[in-house]
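# Fold and contact review
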Amino acid sequence: MRKVGLLFAAVPVLITAGVYFLAPSDSDASAQDRTSVEQLAREEAKAKAEGESAADDKAIAALPPGLAAPAKKELAQQIVSTSAISSLDWRSSYGAIEDPGDGQGYTAGIVGFCTGTHDLLVLVENYTKAHPGNGLARYLPALRKVDGTPSHEGLDPGFVAAWKAEAKVPAFRAAQDAERDNVYFDPAVRMAKLDGLGTLGQFIYYDAMIYHGPDSSPNGFYGMRERALKKAGLPSGGGDERAYLDAFLDVRRAAMLAKKPNADTSRIDTAQRRFLESGNLDLRTPLTWQVYGETFRVP
């Protein structure tokens with residue numbers, strides 16, 4: 001700094017020249033203006049989104065708990081479990097793990113976290129942050145490598161046994177619960193409530209979110225919702241709830257068959273569609289449904 005100051009003192013003419021040299025050109029000023037405008041627009045958009053989110057939170061808080069009520073949430077896990085493991089005992093699936101050959105690698109845990117669809121990786125990463133040195137931590141490099149693929153590279157032969165062993169640890173069970181809620185249950189229930197749907201609609205969204213993933217691809221949850229909106233209006237906008245849910249189930253059934261032409265769609269046909277046809281929009285018990293030809297009942 002002293003050297004620069006001495007230079008300025010010794011050659012005052014160059015100071016003026018330097019000022020002109022450093023002054024922004026018209027194009028630079030224009031670029032700065034655009035940057036300022038874009039930054040302001042981003043800040044306004046963020047503030048608007050936060051304001052809308054706060055308003056949504058307030059609106060949701062004023063609504064009945066719906067599927068988020070403890071008894072209904074338990075019922076939701078039971079219905080999902082009959083489609084996943086043909087049992088009402090959803091807690092027995094914490095340690096479940098297999099590769100069903102659907103191109104998504106290993107499917108494991110209470111909502112079928114998959115090594116090929118990123119959610120299992122996120123689960124293990126978050127769990128490891130809170131519990132370093134757990135039995136699954138050593139597989140993180142392999143999980144990152146196979147993410148988005150059906151590969152087992154680096155996972156076999158020990159990953160299956162490690163998962164089953166870790167599933168006996170209460171903290172890992174709690175981690176599965178938290179990931180289920182953060183990624184699937186809470187967003188599905190929130191979206192359904194904003195759409196004006198009751199407890200059955202909230203469950204229909206939740207089951208679709210689990211099976212198809214929370215993404216905007218044509219056969220992802222948000223993509224299917226957009227397609228359903230072209231067939232029927234939302235209850236929140238004055239549309240008929242039963243008509244909208246019927247349209248959503250049509251879209252979802254088609255998405256399942258598009259993914260796998262011979263897919264068993266009984267989780268829709270002889271479960272959710274039956275609830276809808278009977279007018280059970282509150283998902284009241286007692287409840288009877290069929291999945292894969294087997295009958296289940298909740299008193």
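The structure displayed is predicted, hence computed values, not measured ones.

Definitions and cut-offs
Residues numbered from 1 in each chain as written. Predicted model: local features only at pLDDT ≥ 70, side-chain atom pairs only at ≥ 80, totals over all residues. Heavy atoms only, no water. Buried < 20%, exposed > 50% of the residue type's maximum accessible area, 1.4 Å probe, protein only. Helix = DSSP H or I, 4+ residues; strand = E, 2+ residues; numbered from the N terminus. Pairing = 2+ DSSP bridges. Contact = heavy atoms within 4.5 Å. Core = buried A, V, L, I, M, F, W, Y, C linked by side-chain atoms within 4.5 Å. Arc of directions from axis to C-beta. Salt bridge = Lys/Arg side-chain N within 4 Å of Asp/Glu carboxyl O.

### Remarks on the pairing of strand E4 (residues 287–291)
Across the five residues that make up E4, a large majority, four, are buried. Across five bridges, E4 lies against strand E5 (residues 294–298) in antiparallel orientation. From the neighbouring strand, Thr288 faces E5, where its bridge partner is Arg297. Turn length for the E4-E5 hairpin, with the two strands adjacent in sequence and antiparallel, is two residues, and the turn residue Tyr292 shows positive phi of about 55°.

### Digging into the side chain of Arg180
On the secondary structure map, Arg180 appears in helix H8 (residues 170–194). Of the residues examined, Arg180 reaches a relative accessible area of 5% and is grouped as buried. Contact partners of Arg180, with chain neighbours within four places excluded, come to Lys73, Gln77, Trp90, Ile110, Val111, Phe113, Phe185 and Tyr206.

### Things to note about the nonpolar core
Counting 70 residues, the largest nonpolar core has Phe159, Trp163, Tyr205 and Tyr206 as the members making the most contacts within it. In this structure, Tyr205 is in contact with Ala188, Met191, Ala192, Asp195, Leu197, Phe221, Arg225, Leu234, Tyr244 and Phe248, ignoring residues within four places of it in sequence.

### Quick word on helix H7 (residues 159–166)
Since there are 3.6 residues in each turn of an α-helix, residues three or four apart along the chain are aligned in direction. Within the span of H7, buried status applies to Phe159, Ala162, Trp163 and Glu166. All buried residues of H7 fall inside an arc of 100° around its axis, so they share one side. Its buried side turned inward, H7 meets strand E1 (97–98), strand E2 (107–108), helix H5 (119–130), helix H6 (140–146) and H8.

### Considerations on the pattern of salt bridges
Under the defined criterion, the tally for this structure stands at 15 salt bridges. One salt bridge in this structure joins Arg144 and Glu125, with 3.1 Å as the shortest N-O distance. Linking Arg144 in helix H6 with Glu125 in helix H5, this pair joins segments that are 19 residues apart in sequence. On the accessibility criterion, Arg144 (45% relative accessible area) is partly exposed. With a shortest N-O distance of 2.7 Å, Arg267 and Asp207 are connected by a salt bridge. In this pair, Arg267 sits in helix H12 (residues 266–277) while Asp207 sits in helix H9 (residues 199–212), placing the two residues 60 residues apart along the sequence.

### Comments concerning the sheet that holds strand E3 (residues 113–114)
Across the sheet, which stays open at both edges, the three strands sit in the order E1-E2-E3 with antiparallel pairing between neighbours. The sheet terminates laterally at E1 and E3, the two strands that pair on one side only. Pairing between E1 and E2: two bridges, direction antiparallel. Along E2, the bridge assignment pairs Glu98 with Thr107.

So, to be careful, I would describe these as geometric facts and stop short of saying anything about function.
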